[in-house]
Amino acid sequence: MSTRLSALAASVVLFAAVAVPAASAATGDPARQTGQNGQNGQTGQTGQTGQTGQTVNLATNPGFELPSPNLADWGSIPGWNCTGGPAEAAVTTTAPRSGGSALTVTPAGDDSTGECAQTVSVQPDTTYTASAWVRGDFVHLGATGTGRDVAPAWTETTGGGWQQLTTRFTTGPDARSIRLYVHGWYQQGPFSVDDVRVDGPAPAPAVARGSIPTEDKVVFFTVDDGWQRTPEAERFIADHHLPITAFPLPMPAGGDPDFFRRVTAVPGSSIQDHSVSHSDLSKLPPDQQQVEICDARDAMTRLFGTAPVVFRPPSFAWNTDTLQAAADCGIRTVLTADADFSWGASAVWHPGPLQPGDVVLMHWTDTLATDLARALAAADAAGLKPAGLTDYLR
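The shown structure was predicted, so the numbers you read here are calculated from the model rather than taken from an experiment.

Visitor: Could you give an account of the overall build of the protein, naming the residues involved and the relevant values?
Guide: Within the protein, the secondary structure is distributed over seven helices and 22 strands. For the protein, the proportion of its 394 residues judged to be buried stands at 54%. For the protein, long-range pairs separated by at least 24 residues make up 75% of all intrachain contacts whose partners lie at least 6 apart in sequence. Accessible surface, the protein: about 16100 Å² in total, of which carbon and sulfur atoms supply 52%.

Written out as structure tokens, the structure is:
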């Protein structure tokens, strides 16, 4: 215990020395604060279709109001990853700052700060302001991966009320995402967080495509979902050296990640984003669409080490909010298809045979091996070769 208290004392001195220029804290009645979130903590929510460059809140689920999607990680908090899991962090309706709920974290032990974090997509060489309302002792707000050192904002105590922490940072020339975090301190008890913001310019919406413009004689094989994984399909992919773009859901991917590593081992293959729960996104509000896309992105990144850059909307259901939500999650392309060879089909949705740049839809099912064979035969008949999708995205 004395070691942790010594570390706490040392950190207080360190933060006092470096944090003041970049970080600040404000107190007061939230009803009297101006320029903050609205009544439910969602004002300025991302997924807007406003002009690129408009300042918006880029944080996912900033007010902790959103329900967990179906098939989400058990006990997960939408948009957030907490080190102690559901036993440590919980959404509570007890005395939120605004809206109906807030995040409350009780560190699991003396060696835990109870950190919760999320990945926020950013633009290089751009200034952002991160803020959060917190309650508790020695609560911290900060960002890593900015490309430049940035001190966290922190408070010794909020005196039982809510206090706003604010920190500003400018990203480096290579920054594409940052890790936003909140945490308490060792042996300092529970803390709460509400109304998180990462204010900055809205990224340009993602581009919707059903095919990839190219004059090369190539076609792109894409395979969705992941519930039925057969050795026959795996052997066919390996024997024919097929580049595959896989769009698995997080639950089957997490249940058998080695399978997806093997079937995407051919150069040009990749694993991309297909949402958390396979919901019809066109029926969801923008903030819930962002949770579906960003949480699936985070799951694929944790499992396979590379962040997706392509999103396949379930059942091809999407709207303009989907394009902005995808961009807010760092996705550049929202991809449908123009041919379907799933479950014995041979449907090409334009006149004639497959054409250069066509995207072929298939699914991880018990028919996939024969579906792949049929799609490969159709490509050969058209004088086309399967190619790696991401190699052709610009």
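There is more to say, and it comes next.
Visitor: Tell me what's going on with the nonpolar core, and back it up with residues and numbers.
Guide: The biggest cluster of nonpolar side chains holds 32 residues, and the ones touching the most others in it are Trp80, Leu103, Leu180, Val193, Val196 and Val198. Contact partners of Leu103, with chain neighbours within four places excluded, come to Phe64, Ile77, Ala89, Ala90, Cys116, Phe191, Ser192 and Val193. Phe341, Val360, Met362 and Ala379 belong to the second largest nonpolar core, which has 29 residues in total.

Visitor: How would you summarise the sheet that holds strand S17 (residues 310–311) if you had to cite specific residues and measurements?
Guide: Read from one edge to the other, the open sheet built from three strands follows the order S13-S18-S17, with strand pairing classed as parallel. The open sheet terminates on both sides in strands that have one partner only, identified here as strand S13 (207–209) and S17. Note: S17 against strand S18 (residues 333–335), two bridges, orientation parallel. Directly across from Val310, in S18, lies its bridge partner Thr333.

Visitor: For the packing of aromatic side chains, give the residues involved together with the corresponding values.
Guide: Here the structure, examined in full by the defined rule, presents nine aromatic pairs. Both rings, one in Phe259 and one in Trp364, keep their centres 5.5 Å apart while their planes meet at 80 degrees; by these two values the pair is edge-to-face. One end of the pair, Phe259, is in helix H4 (residues 257–263); the other, Trp364, is in the loop between strand S21 (359–363) and helix H7 (368–381), and 105 residues separate them in sequence. Each member of the pair, Phe259 together with Trp364, is buried.

Visitor: Describe the pairing of strand S11 (residues 177–183), listing the residues and the values that go with them.
Guide: Most of S11 is tucked away, with five of its seven residues classed as buried. Two elements, strand S6 (residues 116–121) and S11, share six bridges in a ladder whose sense is antiparallel. Counterpart to Thr119 in the pairing with S11 is Arg179.

Visitor: Give a detailed account of the pairing of strand S10 (residues 163–170), specifying residues and quantitative values.
Guide: Residues in a regular strand project their side chains so that they alternate between the two faces of the sheet. In terms of residue burial, S10 counts as a mostly covered element, since six of its eight residues are buried. One ladder, built from eight bridges, connects strand S7 (residues 127–135) with S10; its direction is antiparallel. Following the sheet pairing, Thr129 is matched in S10 by Arg168.

Visitor: Tell me about the sheet that holds S6, and name the residues and values.
Guide: Here five strands make up an open sheet; going across it, the order is S3-S6-S11-S8-S9 and the pairing antiparallel. Looking at which strands have only one partner, the edges of the open sheet turn out to be strand S3 (81–82) and strand S9 (153–157). Note that strand S8 (residues 137–144) and S9 share four bridges and pair antiparallel. In the strand pairing of S9, Asp137 is matched with Thr157.

Visitor: Describe the side chain of Thr230, with residues and values.
Guide: Its location among the elements puts Thr230 in the loop between strand S14 (218–225) and helix H2 (231–239). For Thr230, a relative accessible area of 12% corresponds to the buried category. Excluding its chain neighbours within four sequence positions, the residues that come into contact with Thr230 are Phe259, Thr365 and Asp366.

Visitor: Tell me what's going on with unusual backbone geometry, and back it up with residues and numbers.
Guide: The phi angle at Phe138 is positive, at roughly 50 degrees, despite the residue not being glycine. Inspection of the secondary structure assignment puts Phe138 in strand S8. Judged by relative accessible area, Phe138 falls into the buried class, the value being 10%. Non-glycine residue Trp343 carries a positive phi angle of around 50 degrees. As for its position among the elements, Trp343 is in the loop between strand S19 (339–340) and strand S20 (347–348). Judged by its relative accessible area of 54%, Trp343 is exposed.

Rules used throughout
- Numbering of residues starts from 1 in each chain and follows the order in which that chain's sequence is written.
- For this predicted model, a pLDDT threshold of at least 70 governs which residues receive local features, and a threshold of 80 or more governs which side-chain atom pairs are given and counted, while totals over whole chains, interfaces and linings are taken from all residues.
- With hydrogens and water excluded, all non-hydrogen atoms of the structure serve as input to the side-chain values.
- Think of it this way: any DSSP run of H or I at least four residues long counts as a helix, any run of E at least two long counts as a strand, and we number them from the N terminus.
- Each residue's exposure class comes from its accessible area (1.4 Å probe, protein chains only) as a fraction of the maximum for that residue type: buried when under 20%, exposed when over 50%, partly exposed otherwise.
- By definition, residues are in contact when any of their heavy atoms lie within 4.5 Å.
- Here, Shrake-Rupley sampling with a 1.4 Å probe gives the accessible areas, and only protein chains in the shown set may cover a residue.
- In this text, buried Ala, Val, Leu, Ile, Met, Phe, Trp, Tyr and Cys residues form a nonpolar core when linked through side-chain atoms within 4.5 Å.
- Two strands are said to pair when DSSP picks up at least two bridges between them.
- Classification of ring pairs uses Phe, Tyr and Trp, with its six-membered ring standing for Trp, and accepts pairs whose centres are within 6.5 Å; under 30 degrees between planes counts as stacked, over 60 as edge-to-face, and the remaining range as tilted.

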